[in-house]
Amino acid sequence: SLTIESGGEYDATNGTTTITSMTTGQYGLNIKSGATFTHNDGTVSLTDADDTLSMEISDKLYNLSLEGGTKKIRSNSTIENKLTIVSGDLYSHNGSETLTVTGELEIQSGGSTGLTIAWTGTMTFGYLDIQSGGTYKATSGVTTMLAGSTLKDDGTYTHNNGTFAVEVGTV
């Protein structure tokens, strides 16, 4: 697991930082408010196969890859480039957290969003790629894609009675 306390700093590799488990009762990735995470355009990969690997992210990550089990976001989160859900479900702790991916959200076969707990907070993406076998359960709030973005849907898209909007501008 990786915890960066307030006032602490972590200078990540421009390659991949792999986190394989979580501290009991804690988080797999916990970037606390006041901590500094310098991503260096690298990828953070969470590969714990156990259910409920939690993430508390107060700083922005560049690339995030999730594999195995369920992954819970416990704060409003921004991924500056790409979020890849290889397998398992990514969901919001209480439903209302927001998720912003300035680049691509790629949901591969066996990956999903919002199946464990339905999202109600805003979700914003530059590009959404739901591959065959992948599932995107939209927020019951607003899913926003930037103008000029693309939705590639070979998997399952569930609208969840939410709004799908295309917005002019940048995240």
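Residues numbered from 1 in each chain as written. Predicted model: local features only at pLDDT ≥ 70, side-chain atom pairs only at ≥ 80, totals over all residues. Heavy atoms only, no water.

Engineer: Before we move on, can you summarise the nonpolar core with the specific residues and values?
Structural biologist: Among the nonpolar cores identified, the biggest contains 30 residues, and Leu83, Leu99 and Tyr136 are the most heavily contacted of them. Where this core is concerned, the elements lending two or more residues are strand 1 (2-4), strand 4 (29-31), strand 6 (43-46), strand 8 (61-66), strand 10 (77-85), strand 12 (99-107) and strand 14 (123-130). Those residues within four positions of Tyr136 in sequence are excluded, and the remaining contacts are Leu105, Ile107, Thr113, Met123, Phe125, Leu128, Ile130, Thr143, Thr156, Tyr157 and Thr158. (Core = buried A, V, L, I, M, F, W, Y, C linked by side-chain atoms within 4.5 Å. Buried < 20%, exposed > 50% of the residue type's maximum accessible area, 1.4 Å probe, protein only. Helix = DSSP H or I, 4+ residues; strand = E, 2+ residues; numbered from the N terminus. Contact = heavy atoms within 4.5 Å.)

Engineer: Report on unusual backbone geometry, specifying residues and quantitative values.
Structural biologist: In terms of backbone geometry, most residues other than glycine have negative phi values and most peptide bonds are trans. Phi is positive for Asn40, close to 50 degrees, though the residue is something other than glycine. The phi dihedral of Asn161 falls on the positive side, at around 60 degrees, and the residue is not glycine. The residue Asn161 is located in the loop between strand 18 (156-158) and strand 19 (163-167) in this model. In this structure Asn161 comes out as exposed when scored by relative accessible area, which is 67%.

Engineer: Break down the pattern of salt bridges for me, with residues and values.
Structural biologist: Applying the stated criterion across every chain yields a total of 3 salt bridges. Between Glu5 and Lys32 there is a salt bridge, with the nearest N and O atoms lying 3.1 Å from each other. Taken together, the positions of Glu5 in the loop between strand 1 and strand 2 (9-11) and Lys32 in the loop between strand 4 and strand 5 (36-38) put the pair 27 residues apart, joining distant regions of the chain. Notably, a salt bridge pairs Lys82 with Glu106, separated by 3.4 Å at the nearest N-O pair. Placement of the pair is Lys82 in strand 10 and Glu106 in strand 12, with a sequence separation of 24 residues. Here the residues in one salt-bridge network are Lys82, Glu104 and Glu106, joined through shared partners. (Salt bridge = Lys/Arg side-chain N within 4 Å of Asp/Glu carboxyl O.)

Engineer: Give a description of the packing of aromatic side chains that names residues and reports values.
Structural biologist: Per the stated rule, a full pass over the model turns up 4 aromatic pairs. Ring centres of Tyr10 and Phe37 lie 5.6 Å apart, and the angle between their planes is 20 degrees; this geometry places the pair in the stacked category. Of this pair, Tyr10 sits in strand 2 while Phe37 sits in strand 5, and the two are 27 residues apart along the sequence. A residue is classified by how much of its surface remains accessible, and Tyr10, at 25% relative accessible area, is partly exposed. (Phe/Tyr/Trp six-rings, centres within 6.5 Å; stacked < 30°, edge-to-face > 60°.)

Engineer: So what's going on with a nonpolar patch on the surface? Residues and values would help.
Structural biologist: On the surface, Leu151, Phe164 and Val166 cluster together into a nonpolar patch covering about 260 Å² of accessible area. Relative to the helices and strands, Leu151 is located in strand 17 (residues 151-153). A residue is classified by how much of its surface remains accessible, and Leu151, at 37% relative accessible area, is partly exposed. (Patch = residues over 30% accessible without salt bridge, like charges linked within 9 Å, V, L, I, M, F, W, Y side chains within 5 Å. Areas by Shrake-Rupley, 256 points an atom, 1.4 Å probe, with all protein chains shown as cover.)

Engineer: Outline the confidence of the model for the protein, listing residues and values.
Structural biologist: Here the protein averages 84 in pLDDT, and 87% of its residues register 70 or above. The secondary structure element of the protein with the lowest average pLDDT is strand 7 (residues 53-57), at 66, and the one with the highest is strand 2, at 93. (pLDDT = per-residue confidence, 0-100.)

Engineer: How would you summarise the environment of Thr16 if you had to cite specific residues and measurements?
Structural biologist: Along the chain, Thr16 turns up in strand 3 (residues 16-19). Put simply, Thr16 and Thr43 are 27 residues apart on the chain and 4.7 Å apart in space, counted from C-alpha to C-alpha. Apart from the residues within four sequence positions on either side, Thr16 is in contact with Thr43 and Ser45.

Engineer: Break down the environment of Thr113 for me, citing the residues and quoting the values.
Structural biologist: Here Thr113 shows up in strand 13 (residues 111-113). Separated by 21 residues in sequence, Thr113 and Ser92 have C-alpha atoms that sit 8.9 Å apart. If sequence neighbours within four positions are ignored, Thr113 has contacts with Ile85, Asp89, Leu90, Ile107, Trp119, Thr135, Tyr136 and Lys137.

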